[in-house]
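Observations on chain architecture
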Amino acid sequence: MTEVKLSRRNTALLIQDMQNDIVKSGRPVVPLGETVLIDNCKKLLTQARRLDVPVLYVQVTRRADGRDAPRPPLGTEMPIGGPPLIEGTHGAEIVSELTPLSTEPMITKHTTSPFNTTDIEVYLRRFGITTLILSGYSTTGVVEGSLRDARDKDYDCVVALDCCAAATEQEHLTCIDIIFPRMAWVANSDEIISAFVI
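To start, this report covers the structure provided alongside it. (Residues numbered from 1 in each chain as written. Predicted model: local features only at pLDDT ≥ 70, side-chain atom pairs only at ≥ 80, totals over all residues. Heavy atoms only, no water.)

**Examining unusual backbone geometry**
Condition: Numbering goes from the N terminus for both helices and strands, where a helix is a DSSP run of H or I of at least four residues and a strand is a run of E of at least two. Residue burial is assigned from relative accessible area. The probe radius is 1.4 Å, only protein chains are included, and a residue is buried under 20% of its type maximum, exposed over 50%, and partly exposed in between.
With an omega of 10 degrees, the peptide bond running from Val30 to Pro31 counts as cis. Following the sequence through the fold, Pro31 ends up in the loop between helix 1 (20-23) and helix 2 (34-50). Going from Tyr137 to Ser138, the amide bond is cis rather than trans, its omega being 10 degrees. Along the chain, Ser138 falls in the loop between strand 4 (131-137) and helix 4 (139-152). Residue Asp17 is not a glycine yet carries a positive backbone phi of 55 degrees. Counting through the fold element by element, Asp17 comes out in the loop between strand 1 (11-16) and helix 1. Its identity is not glycine, yet Leu85 carries a phi of approximately 55 degrees, on the positive side. For Leu85, the location among the structural elements is in the loop between strand 2 (55-60) and strand 3 (106-109). Judged by relative accessible area, which is 4%, Leu85 ranks as buried.

In structure tokens, the structure reads:
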């Protein structure tokens, strides 16, 4: 594989769906567990800030009446016990360990990918971003969704493999080992930080 070099002038870190109702609700956070996932994201976030790499947060929220919740897939019933993520509640907030700075944009979405129902591309264009570092929960949800959409829009992508988790190990590893390498550089947070040209 060709050596990857990243520039802080055109690269941004996306911290996605790292919310209380998602990663601190007792649901499976595999293979890392919630504490390790949050710690790894915090390490990457701290280094990105140190390098002046732009950080954008992505959160998913729902109306209190649930009218904007996704419909169940055809032929299935709505899963029971999904996270409420009600806008304005503690559950919808980003976990305290990863609290955004006032200068870091918060992108609020209502779909799996932030590229469908938000103004994320306004920020990316204005910041001059051409490369995205993707992290978050879940590997098979927001990470895969944003990766596919970003690639279709010609962004170069990096997936931080130790800053992602899913409901099952099989789901996570299928993405990390088979699907994502077709679209992105998949690397751990230390490798990503080391790839920045200072």
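Moving on, there is more to tell.
**Concerning the pattern of salt bridges**
Pairing between side chains of opposite charge can happen when the charged atoms of each approach one another. This is how the line gets drawn: Between Lys or Arg on one side and Asp or Glu on the other, a salt bridge is scored when a side-chain nitrogen of the former is within 4 Å of a carboxyl oxygen of the latter.
The full count for this structure, using the stated rule, is 9 salt bridges. The partner of Lys109 in a salt bridge is Asp17, and the shortest N-O contact between them spans 3.1 Å. Here Asp17 lies in the loop between strand 1 and helix 1 and Lys109 lies in strand 3, a separation of 92 residues in the sequence. No difference in accessibility class separates Lys109 from Asp17, as the two residues are buried. Taking the shortest distance from any N to any O, the salt bridge between Asp190 and Lys43 comes out at 3.3 Å. With Asp190 in helix 6 (residues 189-194) and Lys43 in helix 2, this pair connects stretches of sequence that are 147 residues apart. Residue Asp190 is classed as partly exposed on the basis of its relative accessible area, which comes to 48%.

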